[in-house]
Amino acid sequence: MTDSGGDETRGARPDPRHGNLLSGPQPDVAGAAGYPDSPPRMGFFTDTSVCIGCKACEVACKEWNAVPEDGLVLTGMSYDNTGGLGADTWRHVAFIEQRKPLGRQEPGVSHDDADVFAAARTLGTCASSPGPGATAPAAGTAPAGAPAGEISPVHPDGRAELRWLMASDVCKHCTHAACLDVCPTGSLFRTEFGTVVVQEDICNGCGYCVPACPYGVIDQRRDDGRVWKCTLCYDRLGVGMEPACAKACPTDSIQFGPLEELRERAAGRVARLHEAGVPDARLYGADPGDGVGGDGAFFLLLDEPEVYGLPPDPVVTTRDLPDMWRHAALAAASLAALAVSSFVGFGRRRP
Amino acid sequence: MTGSDVTREGVRGARPGRDAPTGKHGRRRRGRGERSMVPDAEFSSYYGKPVLNKPTWKPLDIAGYLYLGGLAGGSSLLAAGAQLTGRPALARVAKLGAAGAISLSLAALVHDLGRPSRFLNMLRVLKPTSPMSVGSWLLAGYAPLTMAAAATDVAGRHRLVGSAATVSAAVLGPAVATYTAVLLSDTAVPAWHAGYRELPFVFAGSGATAAAGLALLAVEPGQTGPARRLAALGTAAELGGFQLMKHRMGGLLSEPYEQGRAHTLLRTAEVLTAGGAALAALGDRGPRRVLAALAGAALLTGSAALRFGVFRAGVASAEDPKYTVVPQRERANAAAAADGPPAVP
C-alpha cells in the first residue's frame with residue numbers, strides 16, 4: 001500500500017495495473033494502490049473565475065490542520081503575502097493584475113471624466129455636494145455619475161482594460177505522484193480516496209519528494225525536519241466532511257467532490273464561460289492523458305498556467321525511471337569493464 | 001513591462017516591486033563575464049518566482065555523498081583487481097578507501113536527514129520507484145562487505161572471507177557509483193532530469209578517477225599501473241559523457257552548467273581531472289613519485305568538484321522558473337500544433 005506499483009491485485013475487478021503504473025491514464029488509482037473496494041476518487045475543482053481573493057481557504061486550512069505561522073511578511077508585489085505553496089502554506093491565493101480585458105467586467109476604477117478639484121471647490125455650496133458632516137444624499141438625488149448611479153466608463157465594446165486574476169493553488173494529488181513514487185520510507189501513501197498524504201510519524205526528512213514534485217508543492221519544515229503538504233483533509237474525508245478550504249470558500253470557487261462529477265461540472269463551466277465571452281477560460285490538470293495522468297485537484301484558469309506560477313506541461317519524473325535504471329545499469333557495466341581493462345595486460349608483467 | 005492602472009505616477013520607480021513581471025518576463029541581469037549561450041527567452045511567470053521547490057539537501061552532505069559513493073565504488077573495483085593480480089599494497093589502500101569513503105558517505109546521508117534518528121525507516125520498504133530506497137538497500141549490503149574486506153586485510157586473518165567480501169563488494173561497487181545519477185535525475189529539477197541518459201556515465205567516470213586518484217596518492221610505486229590506466233579511461237568517460245550530456249540537453253538546459261558557481265566548479269573539475277590523468281600517465285618511478293601523488297590529489301579533487309558542480313547547477317535550474325517553463329511551454333505548443341488548430345465552436 002505504500003507503493004503505487006507493488007504486489008498482486010486483490011479482489012475480482014479487472015487488474016487496473018496493466019500498464020500505466022508510472023504514467024498515462026489510470027482510471028482506478030486507489031485500486032492500483034491496492035484498495036480492493038475503494039470509494040470514488042475525491043478531489044478539488046478550483047474555479048478561479050469566481051475567486052475573489054479573500055484567502056478564507058488559506059485561513060481555514062491553517063486553522064483546521066494546525067499549520068504553524070510562517071512569517072507575517074508583506075511581499076510588496078501584490079496582495080499575495082504567502083508567495084507560494086510550501087511546508088506551512090497548503091493553500092495559496094495568487095494575485096495577478098493585467099492590462100487585459102475580462103469579458104464584460106466593469107471594475108469601476110476609472111474616473112477619467114471626474115474633476116476632483118472642481119468637485120472640491122463646490123463642496124458645501126450646493127445640495128448635491130454637502131459639506132463635511134452632512135449625510136449622504138437621499139435616494140434619487142444623487143448626481144449623475146456618482147457611485148450610487150451608473151458605473152464609471154468602460155470601453156465602447158463594454159470591456160474594461162484591467163483585470164485581476166485570483167487563484168487558490170493547492171496540492172494537485174496527482175494520478176502519478178512523483179513525491180509518493182520517490183519516497184524511500186513509504187511515508188507518503190495513496191489513500192482510499194485516491195489522494196496523496198504524508199504519514200508524519202514515518203517521514204525521516206530525507207527531502208527527496210521536494211525536488212521530485214513538478215508543481216513545487218511539498219516542502220520541508222525547517223525546525224521540524226519533516227515534509228508537509230495538503231492532505232485534502234484526510235481526517236475530515238474519513239467522517240464524510242468536505243475539506244476545510246472548500247467549506248470556507250464563500251463563492252464556491254473551491255469545489256469538492258467525486259473527481260468524475262467535478263470534471264463534468266468543470267467542462268460545463270468552461271463552455272458557459274466561452275459563451276459568455278471569456279475565451280481565455282481553460283481547464284488545467286483535468287486531462288487524464290497529461291504528463292501526470294491528470295490531477296486530483298484541477299483548475300479553471302483564465303490565462304496560461306505559468307502566469308499563475310503553475311508549470312505549463314508537467315510530467316511525472318518517474319515516467320522515465322525505467323530508462324534511467326537501464327542507463328545506470330549500462331554505466332555500471334561500463335565502469336566494471338573499464339576496471340577490468342585497466343588490469344588486463346598488467347597482471348603478468350608486474351606481479 | 002506590465003504597469004498598473006492603479007499605480008500613481010509618483011510611486012512608479014520608487015517601488016520596483018510594483019513592476020513585478022506578471023506578464024511577459026524577460027531575462028534577469030547576468031553576472032560578470034558570463035556569456036549568453038542562447039537567445040534571451042521570453043516567457044511568463046508569476047512575479048519571476050520559481051515553479052519548483054528547490055532541493056532542501058545541504059550541498060556538503062549530498063554532493064559529498066555522491067562523491068564518496070563514487071570513490072568507494074571505484075575503489076572496490078581496484079581492490080578486487082589488485083587482489084586477483086597480486087598487488088597487495090594497491091589492494092590494501094583500495095579496500096581501506098572503499099570502507100572509509102562509504103562510511104563517511106553514510107554519515108553524510110544520515111546527517112542530511114531532517115530526522116536522523118529515523119534513518120532506519122529507509123529500510124522499512126523496498127521501492128524500485130524510489131532510487132533512494134534502492135540505494136539504501138544497496139548500501140546496506142555494500143557497506144558491510146567493504147568493511148569486512150578492509151578488516152580482514154588489515155588483520156591478516158580470515159583471508160577466504162576477505163576475498164569473498166572483496167569480490168562481492170566489487171560486484172556491487174559499480175552500482176553504488178552510478179545509482180546516484182538516477183537519484184538526481186529522478187526529480188523535476190530540469191538540469192538533472194534532462195541529463196538522465198548521460199549522467200550515470202559521467203558519475204561512473206568520476207568514480208573511476210577518484211578511486212585511481214586515491215591509489216596514486218597513497219600506494220607505493222610499482223603497483224599503480226592499473227590505477228593510472230583507470231584514471232585515463234575514467235577521465236575519458238567523465239569528460240566525454242559530460243560534453244555529450246550538455247550537447248543533448250540543448251542550449252537552454254545546459255545553461256545552468258555554464259553559469260556562476262557551477263561553471264567554476266565544473267571548469268575546475270575538467271582541468272584537474274584531465275591534468276591529473278596526464279600527470280598520472282607519466283609513471284611513478286624515481287622522482288616521478290611526487291608527480292604521481294600530485295596527479296592523485298588532482299584527480300580526487302577534480303572528482304569532488306564535478307559532483308559539487310552538478311549539484312549546484314541543478315539547484316540553480318530549480319531556482320529560475322525559466323528552465324521549468326520554457327521547455328514545457330515549447331512542448332505544449334508543439335503538441336497543440338500537432339493536434340491542429342482548435343475547433344471553432
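Since the structure is predicted, the reported quantities are computational estimates derived from the model, not experimental observations.

J.: Which parts of the structure should I look at to understand the packing of helix α9 (residues 321–343) of chain A against helix α4 (residues 159–185) of chain B?
T.: The geometry of α9(A) relative to α4(B) is characterised by a closest axis approach of 8 Å and an angle of 150 degrees between their N-to-C directions. For the element pair α9(A) / α4(B), the angle class is roughly antiparallel. Here α9(A) and α4(B) pass one another in a crossing that is right-handed. Contact residues: A:M324, A:W325, A:A328, A:A331, A:A332, A:L335 and A:A336 in α9(A); B:P174, B:A175, B:A177, B:T178, B:Y179, B:A181, B:V182 and B:S185 in α4(B). Here the residues of the contact of α9(A) with α4(B) sort into 13 nonpolar, two polar and no charged.

J.: Sorry if this is basic, but what is going on with the interface of chain B and chain A here?
T.: Accessible area lost during the coming together of the parts is what is often quoted as the interface size. Listed by partner, the interface residues are 80 residues for chain B and 70 residues for chain A. The element best represented in the side of chain B that touches chain A is α4(B), accounting for eight residues. Looking at the side of chain B that touches chain A, its residues break down into 38 nonpolar, 29 polar and 13 charged.

J.: Help me out: how do you make sense of the sheet that holds strand β9 (residues 282–284) of chain A in this one?
T.: Two pairing modes exist for strands in a sheet, parallel and antiparallel, and in both the strands are linked by backbone hydrogen bonds. Residues and elements named next belong to chain A. With mixed pairing, the four strands of this open sheet are ordered in space as β8-β1-β10-β9. Strands at the two margins of the open sheet, each flanked by one partner only, are β8 (254–258) and β9. Averaged over all neighbouring strand pairs, the angle between strand axes comes to 25 degrees, with direction disregarded. Here strand β1 (residues 42–47) pairs with β8 via five bridges, running antiparallel. By the bridge assignment, G43 is partnered in β8 with G257.

J.: Explanation requested: the environment of B:R267 in the structure shown.
T.: You can see B:R267 is positioned in helix α8 (residues 260–281). Taking the C-alpha atoms as reference points, B:R267 and B:A305, 38 residues apart in sequence, are found 8.7 Å from one another.

J.: Can you walk me through the confidence of the model for chain B in this structure?
T.: As a note on interpretation, predicted positions should not be read in detail where pLDDT is low. Residues and elements named next belong to chain B. When the pLDDT values of chain B are averaged, the result is 87; 85% of them are 70 or greater. In this model residues 1–34 is a low-confidence stretch, pLDDT under 50, and it forms 44 contacts with partners more than four residues away in sequence or in other chains. Predicted complex, confidence summary: ipTM 0.87, pTM 0.84.

Quick notes on the rules
Residue positions are counted from 1 within each chain, in the order its sequence is given. Each chain is given a letter, starting from A, and each ligand a number, starting from 1, according to the order in which they appear as written. This being a predicted model, a pLDDT of at least 70 is required before a residue's local features are given, and a value of 80 or more before pairs of side-chain atoms are given or counted; all residues contribute to the totals for chains, interfaces and linings. Note on method: axes are straight lines fitted to C-alpha atoms, helices fitted across the in-contact stretch only, with angles between N-to-C directions ranging 0 to 180 degrees. A run of DSSP states H or I qualifies as a helix once it reaches four residues; a run of E qualifies as a strand once it reaches two. Both are numbered from the N-terminal end. Throughout this description, any angle smaller than 35 degrees is read as roughly parallel, any larger than 145 degrees as roughly antiparallel, any in the 65 to 115 degree range as roughly perpendicular, and the remainder as oblique. Left-handed describes a crossing whose near helix is turned anticlockwise from the far helix through less than a right angle; right-handed describes the clockwise counterpart. Contacts are defined on C-beta atoms placed from the backbone: any two residues whose C-beta positions lie within 7 Å are in contact. When residues are sorted by character, Ala, Val, Leu, Ile, Met, Phe, Trp, Tyr, Cys and Pro go into the nonpolar class, Asp, Glu, Lys and Arg into the charged class, and all the rest, Gly among them, into the polar class. Pairing between two strands is assigned when DSSP locates at least 2 bridges connecting them. Think of pLDDT as the predictor's per-residue confidence, scored from 0 to 100.

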